[in-house]
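What follows is the residue order along each chain.
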Amino acid sequence: MKWNRRIVWRLIILLSVFVLLSEPVSTRISKTRSKRKEHKKRHSMYKLNLRKVYVRNAKWVNASCLDGSDAAFYISRNRKNRNWVIRLQAGGSCVLFSECYDRKTTAFGSSKYLQNSITGTFLISDDPNINPTFNKWNKVFIPYCSGDLFVGRKHARDHGFGLPMLGHYIVTSVVRQLIQDYRINTKHTKILFGGASAGGIGMLSNIDHVAKMVRPARVLGYNDGGWFTLYRNYLEPSGSGAPEFLSTLRYLFKNYWDGFVDESCRAQMPQPAACLYGEMVIRYLSTPIFVMVSLWDSYQLKELNLDKYRPVHLPPSSHKEALYLAQFGNNTYKSIRRLINSNRSGVFSPACVSHTFAGVNETEAAVTMKYKIAGVTSYQALSEWYNTRGRQGTYADVPVESPRCNPTCCSKYCLRCSRASEMLVISGKRHTHDVETRKQKLKTEIVQSPTTITSGAERLRTMAFVYGVLLVLL
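As the structure is a prediction and not an experimental result, all values here were calculated from the model.

The rules behind the values
- Residues numbered from 1 in each chain as written.
- Predicted model: local features only at pLDDT ≥ 70, side-chain atom pairs only at ≥ 80, totals over all residues.
- Heavy atoms only, no water.
- Helix = DSSP H or I, 4+ residues; strand = E, 2+ residues; numbered from the N terminus.
- Buried < 20%, exposed > 50% of the residue type's maximum accessible area, 1.4 Å probe, protein only.
- Contact = heavy atoms within 4.5 Å.
- Areas by Shrake-Rupley, 256 points an atom, 1.4 Å probe, with all protein chains shown as cover.
- Disulfide = S-S within 2.5 Å.
- pLDDT = per-residue confidence, 0-100.
- Core = buried A, V, L, I, M, F, W, Y, C linked by side-chain atoms within 4.5 Å.
- Phe/Tyr/Trp six-rings, centres within 6.5 Å; stacked < 30°, edge-to-face > 60°.
- Lys NZ or Arg CZ within 6 Å of the ring centre and 35° of its normal.
- Axes fitted to C-alpha atoms, helices over the stretch in contact; angles between N-to-C directions.
- Parallel < 35°, antiparallel > 145°, perpendicular 65-115°, else oblique.
- Left-handed = near helix turned anticlockwise from the far one by under 90°.
- Nonpolar A, V, L, I, M, F, W, Y, C, P; charged D, E, K, R; others polar.

Student: What's the story with the overall build of the protein in this structure? I'm lost.
Tutor: Within the protein one finds 15 helices and 16 strands. Taking all 474 residues of the protein together, 51% fall into the buried category. Considering only contacts in the protein between residues 6 or more positions apart, those separated by 24 or more positions represent 71%. Approximately 23800 Å² of the protein is accessible, and the part contributed by carbon and sulfur atoms is 54%.

Student: Looking at this structure, how should I read the state of the cysteines?
Tutor: Where two cysteines share a covalent bond between their sulfur atoms, that bond is called a disulfide. Inspection of the entire model under this criterion finds 6 disulfides. There is a disulfide in this structure between Cys405 and Cys414, and the S-S distance comes to 2.0 Å. As the torsion about the S-S bond is roughly -90°, the Cys405-Cys414 disulfide counts as left-handed. Residue classification places Cys405 among the buried positions, given a relative accessible area of 3%.

Student: Before we go on, may I ask you to explain the confidence of the model for the protein in this structure?
Tutor: Close inspection of predicted coordinates is inappropriate in any region flagged by low pLDDT. Chain-level statistics for the protein give a pLDDT mean of 86 and a share of 80% at 70 or above. Counted against residues more than four places away or in other chains, residues 430-464, with its pLDDT under 50, gives 49 contacts. A low-confidence stretch, residues 466-474 stays under pLDDT 50, and its non-local contacts, those more than four residues away or across chains, total 8 contacts.

Student: Could you clarify how one ought to interpret unusual backbone geometry in this entry?
Tutor: Residues apart from glycine generally show negative phi values, whereas peptide bonds are mostly found in trans. Geometrically, the link from Arg215 to Pro216 is a cis peptide bond, its omega value of 5° lying close to zero. Within the fold, Pro216 resides in the loop between α5 (198-213) and β7 (218-224). For the bond running from Leu314 to Pro315, omega is 0°, close enough to zero to count as cis. Residue placement: Pro315 occurs in the loop between α9 (298-302) and α10 (319-335). In this model, Arg183 sits at a positive phi of 50°, which is unusual for a non-glycine residue. Tracing the backbone through its elements, the reader meets Arg183 in the loop between α4 (167-182) and β6 (190-196). Taking the relative accessible area as the measure of exposure, Arg183 reaches 60% and is therefore exposed.

Student: Please clarify how the environment of Val400 should be interpreted in this entry.
Tutor: Among the secondary structure elements, Val400 is positioned in the loop between β14 (394-397) and β15 (424-428). Taking the relative accessible area as the measure of exposure, Val400 reaches 38% and is therefore partly exposed. Note: C-alpha distance between Val400 and Asn330 (70 residues apart in sequence) is 8.1 Å.

Student: Explain the nonpolar core here, please?
Tutor: Nonpolar side chains tend to gather and get buried jointly when the protein is soluble and globular. Counting 94 residues, the largest nonpolar core has Phe193, Trp257 and Ile289 as its most contacted members. At 8 residues, the largest contribution of residues to this core is made by α5. In contact with Phe193, not counting residues within four places along its chain, are Ile86, Leu88, Val171, Met203, Asn206, Ile207, Val210, Val219, Leu220, Gly221 and Tyr222. Phe134, Phe348, Phe357 and Tyr379 belong to the second largest nonpolar core, which has 35 residues in total.

Student: What is the right way to read the packing of aromatic side chains from this model?
Tutor: Aromatic ring pairs are described here by two measures, namely the spacing of the ring centres and the angle between the planes. In the structure shown here, the tally under the stated rule is 20 aromatic pairs. Ring geometry for Phe122 against Tyr379: centres 6.0 Å apart, planes inclined by 75°, an arrangement best described as edge-to-face. Placement of the pair is Phe122 in the loop between β4 (117-118) and β5 (138-142) and Tyr379 in helix α13 (residues 378-387), with a sequence separation of 257 residues. There is no split in this pair, since Phe122 and Tyr379 are both buried. These aromatic residues form a ring-pair network of at least three members: Phe97, Tyr101, Phe161, Tyr251 and Tyr256. Taking NZ or CZ as reference, Arg103 lies 5.2 Å from the ring centre of Tyr144, over its face.

Student: What should I look at first to understand α13 in this one?
Tutor: In an α-helix, one turn spans 3.6 residues, which is why side chains three or four residues apart end up on the same side. Burial runs high along α13: 8 of the 10 residues are buried. For α13, the set of buried residues is Ser378, Tyr379, Ala381, Leu382, Ser383, Glu384, Trp385 and Tyr386. Lining the buried residues of α13 we find β6, β7, β8 (289-292), β10 (346-349), β13 (376-377) and β14. Arg389 occupies a position one or two residues after α13 and carries a positive phi of about 55°.

Student: Just to check I follow, could you spell out the packing of α4 against α5 for this structure?
Tutor: When two helices pack together, their arrangement is given by the angle between the helix axes and the distance between those axes. Contact geometry for α4 and α5: axes closest at 11 Å, N-to-C directions at 25°. In terms of axis orientation, α4 runs roughly parallel to α5. Between α4 and α5 the crossing geometry is right-handed. Facing His168, Val171, Thr172, Val175, Arg176 and Ile179 of α4, the residues of α5 in contact are Asn206, His209, Val210 and Met213. Across the contact of α4 with α5, the residue classes break down as 5 nonpolar, 4 polar and 1 charged.

Following this line, the structure appears as structure tokens:
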């Protein structure tokens, strides 16, 4: 067989393409191992970034845990940055004598059980891959050892259980110590103050007070799953005034906690305990806040339930239960209307059955942090709200007549799950009140994702090159 120059050149080109596009398995394995090592090294840089610090003169400033131990907090310091994230821990509350005494033997009731250092997650992580917007900020984490939603002012001598519930004083003592040690009360300082679940309620109650303490610093708030609504339990008769659980909360607020709530709200409310509900206190807050709440808060549906009424099944097992959940979702949506309409505050509210997005534990957060509205996660929405000073960042699924879950959070708790094109979404600039379909917003997401477009384009160019060479050879 004779080889002419044309065939030889074709073979050379083909061989070159093969070499360029091929890679030995050993090389790929080596690169994979290198990436893993690099990831571990990078991750280890940000581990145990928060160190424990005790509140000074804790007994004198009433900063004691349930067991009487001195309250503590964690801090991650960046001397090159003047801004701060302050996060209040999640953790429910204790109501029964046995519950409160059990908490005394854990980190939820005593600083004796707190580790010396912990690794921050979500907004108190130093890892730019986890927390790209706020990773360089100084960070403070306030453990929840008072069992009182961070609103308590009740001393042990005045408490029926003989236990101190002093959550409000713990918050103010930590803030005061930060002012003394780090001067967080300057006009160039920004403070993002918030928390999850119980910590979220603590934020609502304390934020305007904290903002006054740190003037002229600029304070913003965030609430992850601490937004409960004034809605009756399942099977509780409707039309009987305020939900019966409010009476229980009112008793706890007065007799267990001597609770502190927003002062403007308290001055206007016949029952100050009502100011623990986001939909009530938001009318009076001066500080802009960002709220993350699912249409169906699983904790309120399953745990904030009076004994005489059984919880609703999730998913609903009857038409009556489905109707109740539809009404519950509509009520949640109504409770955030003021946030949707605001040019300063914002909200992320997907049609999901969940409680917090990043506040309970890392296992749950790995799932819930991926929930999206119009292609945007809760963290991305919060970042957008912060970066635009409240002009954008609000994303909310509009409830429909029958309860349907957002497709990104379709789970065993959902009776039905919508397709992306079926979801109605409020997003973008709130003053326009545009309601757009999820499908339309996904188009926007594609336009705003240059990394995805670039990687796709590179693959197309490679394929076009290969096909071009093959055409030449043929």
